[in-house]
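# An overview of the molecular structure
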Amino acid sequence: MLRRLTTFTLLAGLYVSAQSVRFPAGLRVRAIKELRQGFAAEEFWPSMHAAEGLTAAGFGTSVAHDLRPRLAAEKDDQRRCGLSRETVRGGDTTPVASLKAVLTNPESKGRIHAAESLFKVHQTGDLPTLRAAAAADEPIFALMAAAALIRSGERDQLARVRAILNHEEVRPRRTAAWVLGQVGDKSDLPALRKLVQREEEPLAISFTWNAMAKLGDAKAREIVLANLASEDNTIRTYSMQTLGVCGLPEHLPLLTKALEDPNLDTRIRAAEAIIRITNRLLEQDSDKDGIPDSIERELGSPPDDAEAMARFHTAKPRGPGKNDPEALPPELVGAWFGHVAEHRYIWIYEFSAGVSEQRTIFHSYCRMDGDNTTGRQGGGAQGVDAMYSF
């Protein structure tokens, strides 16, 4: 996926970054730093959650690169599923075969993890096995298999998930709520409201509120926000993750504070939520001109009126090959220039992959008058009148 990460404007000489609009400058860098630390942590599952967050931030290629040797060396089937899942999420679908191998092995202790991982990365692995698992007596395995099938288009499997909301055991009920929060719809809200009233276990109650919040229930989102202060690490952590789906820009201060949480997984999910909320801010583009609405508002330009941009650079991405994807910055594959009004101009740069906020300095050399006899003389930047660096 191409990453349009570098959008900036010149407002009478003032540099305005897309990342400084509606959230603090440096917030994404701080969140990414937290995710990188989590990715390098010894705790296995939190490190997989950090991998998910880094992929959301645009570093999926690097995540997949780093996980491949770990997957090759791992013997535990449950961990192999986690490593396979995050490698696939990072853009390399080769490990779907590993998930299929675990799923179809009746002796493996990782079959639930395999079905869950296939669900999370929108894959099926082996349809006959998933269909058989969805009809199995083991409710968690059945739920995860049904969830993967639903994501593949078999919406009739929703009936199985909805029925498990009435299971006699609490774990299947809360897992069914978790699944519906991701593949259900607003028609599931009445059943979830009834469930939350009769649940007694705090974790199950929080799972149900999380599901309702993801489906658009405003009251549920307020309760999710309150749960950020829970004394239970798991409740706090899943609340952070839920806000990544349904959180608003005004929730960023709470999530920023959570980056100091004593629990590693909670910090990781808070960082991921920050990435996802700010992603949404940077991706809002009502007129589809490639400029985020937030930047257009800063420019004083209507977000629903497309700017006329002239493309002046085109290149095909070469890909990282076998080398570390972050050993060198990704290729610049597109560049555009536009005049907004008076002394307001905008440049857009598009890269072939995520650009490391920590490791990259980008220089933009501009010939303001198109005359090589003015401006910088000699060297490799003949005629440059200005250089902008960030």
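Values in this document were obtained by computation on a predicted structure and should not be read as measured data. (Residues numbered from 1 in each chain as written. Predicted model: local features only at pLDDT ≥ 70, side-chain atom pairs only at ≥ 80, totals over all residues. Heavy atoms only, no water.)

## A closer look at the overall build of the chain
A tally of helices and strands in the chain yields 16 helices and seven strands. Within the chain, buried positions represent 53% of all 390 residues. If you sum the accessible surface of the chain, you get close to 18,400 Å²; carbon and sulfur atoms cover 50% of it. (Helix = DSSP H or I, 4+ residues; strand = E, 2+ residues; numbered from the N terminus. Buried < 20%, exposed > 50% of the residue type's maximum accessible area, 1.4 Å probe, protein only. Areas by Shrake-Rupley, 256 points an atom, 1.4 Å probe, with all protein chains shown as cover.)

## With respect to unusual backbone geometry
Unusually for a residue other than glycine, His122 sits at a positive phi of about 60°. Considering the arrangement of structural elements, one finds His122 in the loop between helix H5 (111-120) and helix H6 (127-134). The exposure class of His122 is exposed, given its relative accessible area of 52%. Notably, Lys288 is not glycine yet its phi reads approximately 55°, a positive angle. Inspection of the secondary structure assignment puts Lys288 in the loop between helix H15 (264-283) and helix H16 (293-299). Overall, Lys288 belongs to the exposed group, its relative accessible area being 71%.

## A few points about empty space enclosed by the protein
All chains considered together, the criterion is met by one cavity of 30 Å³ or more. Each pocket or cavity is described by its volume, and for the largest cavity that value is around 70 Å³. In terms of lining, the largest cavity is formed by Ala177, Trp178, Gly181, Phe207, Asn210, Ala211, Lys214, Tyr238, Gln241 and Thr242. For the lining of the largest cavity, the element with the highest residue contribution is helix H11 (residues 202-214), accounting for four residues. Looking at side-chain class alone, the lining of the largest cavity contains five nonpolar, four polar and one charged residues. (1 Å grid on protein atoms, 1.4 Å probe; cavity = no way out; pocket = protein on both sides within 12 Å on 5 of 7 lines; lining within 4 Å. Points joined across faces, edges and corners; volume = space filled by probe spheres on them. Nonpolar A, V, L, I, M, F, W, Y, C, P; charged D, E, K, R; others polar.)

## A look at the pattern of salt bridges
Inspection of the entire model under this criterion finds 18 salt bridges. Glu34 serves as the salt-bridge partner of Arg267, at 3.2 Å between the closest nitrogen and oxygen. Here the residue Arg267 occupies a position in helix H15, and Glu34 occupies one in helix H1 (residues 27-39), the gap between them amounting to 233 residues. A relative accessible area of 11% means that Glu34 is categorised as buried. (Salt bridge = Lys/Arg side-chain N within 4 Å of Asp/Glu carboxyl O.)

## A word on the packing of H11 against helix H12 (residues 218-226)
As a packed pair, H11 and H12 sit with axes 7 Å apart at the nearest point and diverge in direction by 130°. Here H11 is positioned oblique relative to H12, judged by the angle of their axes. Between H11 and H12 lies a crossing whose hand is left-handed. For the pair formed by H11 and H12, the contact residues are Trp209, Asn210, Met212 and Ala213 on the first element and Lys219, Ala220, Arg221, Ile223 and Val224 on the second. Grouping the amino acids of the contact of H11 with H12 by side-chain chemistry returns six nonpolar, one polar and two charged. (Axes fitted to C-alpha atoms, helices over the stretch in contact; angles between N-to-C directions. Parallel < 35°, antiparallel > 145°, perpendicular 65-115°, else oblique. Left-handed = near helix turned anticlockwise from the far one by under 90°. Contact = heavy atoms within 4.5 Å.)

## Here we look at the side chain of Glu154
The topology assignment puts Glu154 in the loop between helix H7 (139-151) and helix H8 (158-164). The buried category is assigned to Glu154, whose relative accessible area is 17%. Once residues lying within four places of it in the same chain are set aside, the contact partners of Glu154 are Leu127, Arg131 and Leu149.

## Quick notes on the environment of Trp178
With respect to the element layout, Trp178 can be found in helix H9 (residues 170-183). The class of Trp178 is buried, set by a relative accessible area of 13%. A C-alpha to C-alpha distance of 9.5 Å links Trp178 and Trp209, two positions 31 residues apart in sequence. Once residues within four sequence positions are removed from consideration, Trp178 is found in contact with Glu116, Phe119, Lys120, Met144, Phe207 and Tyr238.

## Some thoughts on the nonpolar core
Core analysis: the biggest nonpolar cluster contains 85 residues, and Val161, Leu192 and Leu255 have the highest contact counts within it. Here this core takes 11 residues from helix H2 (residues 44-73), the largest share from any one element. Beyond its immediate chain neighbours, meaning those up to four positions away, Val161 contacts Leu143, Ala146, Ile150, Ala176, Val179 and Leu180. (Core = buried A, V, L, I, M, F, W, Y, C linked by side-chain atoms within 4.5 Å.)

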